[in-house]
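# Fold and contact review
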Amino acid sequence: MRVARTSAVALGWQPAVSVGMSRTDSRATEGAPEPDFAGVDDRALVTAFVAGAREAFDEIMRRHERRVYQLCYRFAGNHEDAADLTQDVFVRAFKGLRTFKGEAALGTWLHRVGVNVCLNKVTATRPDHEPLEERAHVDDRQADSFDQVAHAEDARRLQRAIQALPPTQRATVLLRVYQGLSHQEIAQALGSSVGAAKANFFHALGNLRRLLGSS
């Protein structure tokens, strides 16, 4: 299911002062074709957007909206709230993209924005009582045993159990299992250490076993 598309103009885009465009520029000339960013990599898209090309942000949205929506849907559990959260994610990304330093992939940065937006929404009504913490000697084999927890479980029952997790644990499960991120990428998305990301996944699995009545 797709999210209603929002353009950069609708988000309040204004040309960057540094672009120095005038009405005599080729792009400003009536009937001039708009640039095609379809084949441009993410880093170049960011550079183009910061330079004032609104179409670059439209391409970023086109490229990443599906995964952002999927993340938001798994947090919200319904299309209406997920669509609103997705919109909020791209509004925040639009406003903050000029601070993007390229230390992580753009997709990872958008995941971090998305997680923060979703966590803010969730914790507004239910505080997270299990903050990110380091846990010594977390067994990686245990930390990747989600399939054992989910085995033979009804998908809706599993989804309800995930929804019942503390927000940071829920975020870790969603990013690891459904988005396919590594522990390193999850740590970047959550702004934590790799050890904390692994610990959260470990605790989440334990809580899922309890919620699902698994041994």
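Residues numbered from 1 in each chain as written. Predicted model: local features only at pLDDT ≥ 70, side-chain atom pairs only at ≥ 80, totals over all residues. Heavy atoms only, no water.

A few words now on the packing of aromatic side chains. Two measures describe an aromatic ring pair: the distance that separates the ring centres and the angle between the ring planes. Throughout the structure, instances matching the rule amount to six aromatic pairs. Aromatic side chains F57 and F90 sit 6.5 Å apart centroid to centroid with 85 degrees between the ring planes, which places their arrangement in the edge-to-face category. Taken together, the residues span a long stretch of sequence, with F57 in helix 2 (residues 54-76) and F90 in helix 3 (residues 79-96) at a distance of 33 residues. You'll find F57 and F90 in the same group, each marked buried. Between F57 and F94, the ring centres sit 5.2 Å apart and the planes meet at 85 degrees, which makes this aromatic pair edge-to-face. Of this pair, F57 sits in helix 2 while F94 sits in helix 3, and the two are 37 residues apart along the sequence. Judged by relative accessible area, which is 8%, F94 ranks as buried. One aromatic cluster in this structure is built from F49, F57, F90 and F94. (Phe/Tyr/Trp six-rings, centres within 6.5 Å; stacked < 30°, edge-to-face > 60°. Helix = DSSP H or I, 4+ residues; strand = E, 2+ residues; numbered from the N terminus. Buried < 20%, exposed > 50% of the residue type's maximum accessible area, 1.4 Å probe, protein only.)

Another point: the environment of V113. Topologically, V113 is positioned in helix 4 (residues 106-123). Distance in space between the C-alpha atoms of V113 and L190 is 8.9 Å, their sequence separation being 77 residues. If we ignore the near neighbours within four places in the chain, the residues touching V113 are V89, R92 and A93. (Contact = heavy atoms within 4.5 Å.)

A word on the confidence of the model for the protein. Summing up the model confidence of the protein, the mean pLDDT is 76 and the portion of residues at 70 or higher is 68%. Taken element by element, the predicted model of the protein shows its lowest mean pLDDT in helix 5 (residues 140-143) (50) and its highest in helix 3 (94). Scored below 50 in pLDDT, residues 13-29 shows 24 contacts in the model against residues more than four places distant or in partner chains. Note on residues 126-139: pLDDT under 50 across the span, and 34 contacts to partners over four residues away in sequence or across chains. (pLDDT = per-residue confidence, 0-100.)

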